[in-house]
Every structure is written in C-alpha cells, then in structure tokens.
There are 2 protein chains.
Amino acid sequence: MLKISKKADYALMALQHIASVQFGDVTPGRVVNTKEIAEEYNIPLELLAKVLQVLSKQGLIESHNGPKGGYLLARSARQITIAQIIESIEGPLAITDCSHEKDGDFCMQREHCNIRTPLLKIQDSIYQLLNNMTLGDMMGGTPLITIQSPSAQGVER
Amino acid sequence: MLKISKKADYALMALQHIASVQFGDVTPGRVVNTKEIAEEYNIPLELLAKVLQVLSKQGLIESHNGPKGGYLLARSARQITIAQIIESIEGPLAITDCSHEKDGDFCMQREHCNIRTPLLKIQDSIYQLLNNMTLGDMMGGTPLITIQSPSAQGVER
DNA sequence: TGATCTCCGATCAATATGGTCGTACTAAGA
DNA sequence: TCTTAGTACGACCATATTGATCGGAGATCA
Ligand code: FES
Ligand code: FES
C-alpha cells in the first residue's frame, strides 16, 4: 500500500539524528556511532549497521573506522533530500514494477496498457515531492511541504 | 519502493476499460464481463475476478449476475478518484506501518521518533495527489496532474 | 598488542503478494 | 423448467520481499 520499507525508515531516523547532533549547539562535529542510534530509537543494532553501511557507500555519510569511530554527514543537511535517502536504500522509485522497464519490455499488459502514462506522471509527482524536502527541512520547525495548501492554487480543491 | 500492488494495477486497468466502454460512442451502457477484460490485457482471469468482486463490494462498480451479466460503473467516471480505487484494494494509504496506529501505539520507536510528523505530511500530500485525479482524467487527453511544476517554486534544488 | 569500532557476505524467518481451485449461487434464454 | 453463462466466495499454495541475525575480517587508536 505504497509503503516505505522499515530500512528506509531507519535510515531517515538515523540521518535525522546525526544531523541534529552535528547541527546542535553541543558538541558540533561529533561523530555518532551505530550503537548510540540503535539504543536511542530501539532499532535492532545489526540491521541499522547494515543500513548505515549502504548510506555511506552511497555517499550520503562518511564512515570513520576504529575506536571513537562513527558516522558523519557527507554534506550539509540542506543538500540531502528525502528522495535521495529513500532511493539509496530501496533503489529507484518505481510506483509499478514496469516503470523503469528496459526496451526489452517484459510487462504482459504493456501492449494494450491504458494506464501507463498517467501512472508515470503520478510517480513523477511523488518524486518531486520527496525531492523537494531535505533533511534540513525535517529538522527545523520550518514549513515542511509547500505543495498542498496555498500553493495549490491553479489546481482545484 | 513505494510500489502499487499488481492487484491495484489490475483494478485501474479494468475500471479504465469499463469506463471507456460506457463512455464510448459504440454500445454505451454495455456491461463488461471479466473474461473480456482479462483477455484484452493478459490478466489472469481468476485474479481479476477477485479484484472486481472487491471493487463491487466497495461500491465502485455494480455487478449483474447470470448470462449476459457483467460489471458497470456505479457512478460517473469523474466521481471516481485514483485514491478510492487503490484504497479499495489495498486498504487505507499508509506510508509507514505506524501511520494509522491506534492509541495502543505499538511502534517501538514512537517515543523518540523524530520523523513521524514530517512523514505524515508527506503521506497526506500523496493522498491529495491521488485524490485529485479521477478516472475521467485518466481517459481523456486532458492535462493530468497540475500539481508539480509551478507550485514547486519556493523550495527547489 | 588488544580493545573497539566499522565493513561485508551469507543466511534465516516472517510476512505479503501473486496466483490457483472448487464450489455455490443467479439470472437469462431455449 | 432445465441448461448454461456468468458472478460470488473462500480456502489454498508458491514465490518474492522484507526484516532480522550471525560470524568473521579489517581498521584505528591507546
Ligand atoms: S502495467 Fe506494465 S505497462 Fe501498464
Ligand atoms: S516510526 Fe513509528 S512513530 Fe516513527
């Protein structure tokens, strides 16, 4: 039902946490280790570890080895979008499994499919939505989503 | 990865088909039976049947029994939104599994969860998106989604 | 050198999903 | 009224995805 996976969920929490530590008034620039996050949010340690590994491989965070090691944001919180985070974990956003189909075209219904185009548009809109929101936005009390309410003039209802 | 289930996919195709038959120039008001749709779009017959049953139980389409039976839209194509169709099949839209949590609150991370509010906003936006688009919109060549482009100023990247 | 971290790959269990079958019920038409 | 073409319904299995676990290897610092 259009659900985000738990791993991606954890990724969001973790990044959010790291960001708030780095940006925070106390000990800015401090590295955060896996255990700290896992305990804070009740996330299974090993699973979180794996998630963080992926994130670092994708270049969203930097890892520092050895004792006193841990993770650090690779860039500013305002330059990391929700879309990037989710896609790092779950792969490219695909609302239907034939969204990003190669020319090979293995979708049985493709030939007469009457809903492909509109669905792709929807997918695109969702992507925009996720890509317009950054980690920074999630932290601050700043207005989060600019799409729906007043800006939705032009569209009805 | 934020995917729509195949069943919902089939539901969309089927409704779209029924709508286009009813709205079409030829044989308007004709009932459409399961087999016809299944063959047209290469959908496994029994599965489609089950999907249609659910849709009719949800009141989106009417079923007519017996020979020469089949399905008919219950209301105008413009009054059926994509959100309604998808939710009929997959249940209420929940971007994360603790979205619609009762007060019982079984989510382990709820206590310190730092991403709940923003995620709920995103979910809401997606819902708006799906609920602003009707079957009618999908059929006609009318501009489908009006949300993204202009309103997305303000934030960007 | 040893303790404390991250890194990586393999693996298992639970759940959700896609798909199938068999039977009962209903209405049209011969 | 009997047959037939259709839906209604529920149980069922197979497979894919996801969540979660384990074990060891490599790095860094005291
Ligand atoms: S479902 Fe694959 S192309 Fe429409
Ligand atoms: S994940 Fe359940 S409340 Fe945030």
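Right above here is the structure, for reference.
Because the structure is a prediction, the values reported are computed rather than measured. (Residues numbered from 1 in each chain as written. Chains lettered and ligands numbered in written order. Predicted model: local features only at pLDDT ≥ 70, side-chain atom pairs only at ≥ 80, totals over all residues. Heavy atoms only, no water.)

A. A look at the overall build of chain A. Each helix and strand in chain A was counted, giving six helices and two strands. Helices (α) and strands (β) of chain A occur, in sequence order from the N terminus, as α-α-α-β-β-α-α-α. Expressed as a percentage of its 157 residues, the buried residues of chain A come to 48%. Within chain A, residue pairs in contact and separated by at least 24 positions form 60% of the contacts whose partners lie at least 6 positions apart. Of the roughly 7,900 Å² of accessible surface on chain A, a fraction of 52% belongs to carbon and sulfur atoms. (Helix = DSSP H or I, 4+ residues; strand = E, 2+ residues; numbered from the N terminus. Buried < 20%, exposed > 50% of the residue type's maximum accessible area, 1.4 Å probe, protein only. Contact = heavy atoms within 4.5 Å. Areas by Shrake-Rupley, 256 points an atom, 1.4 Å probe, with all protein chains shown as cover.)

B. Region of interest: the protein's contact with DNA strand D. Lining the immediate surroundings of DNA strand D are 22 residues, of which K6 and P67 of chain A together with T34, S63 and Y71 of chain B lie closest. When atoms of DNA strand D within 4 Å of the protein are sorted by moiety, sugar and phosphate together comprise 63%. At a separation of 2.6 Å, a phosphate oxygen of DNA strand D approaches a polar side-chain atom of S63 of chain B. In this structure, a phosphate oxygen belonging to DNA strand D sits 2.4 Å away from a side-chain N or O atom of Y71 of chain B. Mapped by element, the contributors of at least two residues to the surface near DNA strand D are helix 1 (6-23) and helix 3 (45-57) of chain A together with helix 3 (45-57) of chain B. Ranked by residues supplied to the surface near DNA strand D, first place goes to helix 3 of chain B with four residues. For the surface near DNA strand D, the class distribution of residues is six nonpolar, ten polar and six charged. (Near = heavy atom within 4 Å. Polar contact = N/O pair within 3.5 Å; in protein donor to acceptor, adjacent residues only side chain to side chain. Nonpolar A, V, L, I, M, F, W, Y, C, P; charged D, E, K, R; others polar.)

C. Representation of the protein's contact with DNA strand C within the structure. If you check the shell around DNA strand C, you find 24 residues, and the closest are T34, K50, S63 and Y71 of chain A together with K6 of chain B. The backbone of T34 of chain A places a nitrogen or oxygen atom 3.0 Å from a phosphate oxygen of DNA strand C. Y71 of chain A places a side-chain nitrogen or oxygen 2.2 Å from a phosphate oxygen of DNA strand C. Of all the secondary-structure elements, those providing two or more residues to the surface near DNA strand C are helix 3 and strand 1 (61-64) of chain A together with helix 1 (6-23) and helix 3 of chain B.

D. The arrangement of the pattern of salt bridges in detail. A complete count under the given rule lists six salt bridges over all chains for this structure. D97 of chain B is the partner of K6 of chain A in a salt bridge, and the nearest nitrogen-oxygen pair spans 3.0 Å. Of the two residues, K6 of chain A sits in helix 1 while D97 of chain B sits in the loop between helix 4 (82-90) and helix 5 (116-131), which places them in two different chains. Overall, the relative accessible area of 42% leaves K6 of chain A in the partly exposed class. Where R78 of chain B meets D137 of chain B, a salt bridge forms, and the shortest distance between an N and an O atom there is 3.5 Å. With R78 of chain B in the loop between strand 2 (70-73) and helix 4 and D137 of chain B in helix 6 (residues 135-139), the pair connects residues that are 59 residues apart, well separated along the chain. On the basis of relative accessibility, which here comes to 51%, the residue R78 of chain B falls in the exposed class. (Salt bridge = Lys/Arg side-chain N within 4 Å of Asp/Glu carboxyl O.)

E. Main features of the relation of the copies chain A and chain B. Here chain A sits on chain B after a turn of 180 degrees about the axis and a move of 0.0 Å along it, with an RMSD of 0.0 Å. Taken together, the rotation and translation describe the operation of a two-fold axis. Ranked by how close their C-alpha atoms come to the rotation axis, the residues of chain A are headed by L2 of chain A, at 2.2 Å. With an isologous cut-off of 70% or more, the 96% of interface residues of chain A that recur at the interface of chain B puts this contact in the isologous class. (Least-squares fit on C-alpha atoms with pLDDT ≥ 70 in both.)

F. Local environment of the interface of chain A and chain B. The partner chain B presents 51 residues to the 52 residues of chain A that form the contact. Interface area, chain A with chain B, both sides summed: about 5,300 Å², of which 62% is carbon and sulfur. Broken down residue by residue, the surface that chain A buries against chain B is led by M1, L2 and Q109 of chain A, which jointly contribute 13%. Joining chain A to chain B, the criterion identifies two salt bridges. Counting the contacts that link chain A with chain B gives eight residue pairs in polar contact (both at pLDDT 80 or more). Looking at the side of chain A that touches chain B, the elements that each hand over two or more residues are helix 1, helix 2 (34-41), helix 4 (82-90) and helix 5 (116-131) of chain A. If one sorts the elements of the side of chain A that touches chain B by residue count, helix 5 of chain A sits on top with eleven residues. (Buried area = accessible area lost by both parts, 1.4 Å probe.)

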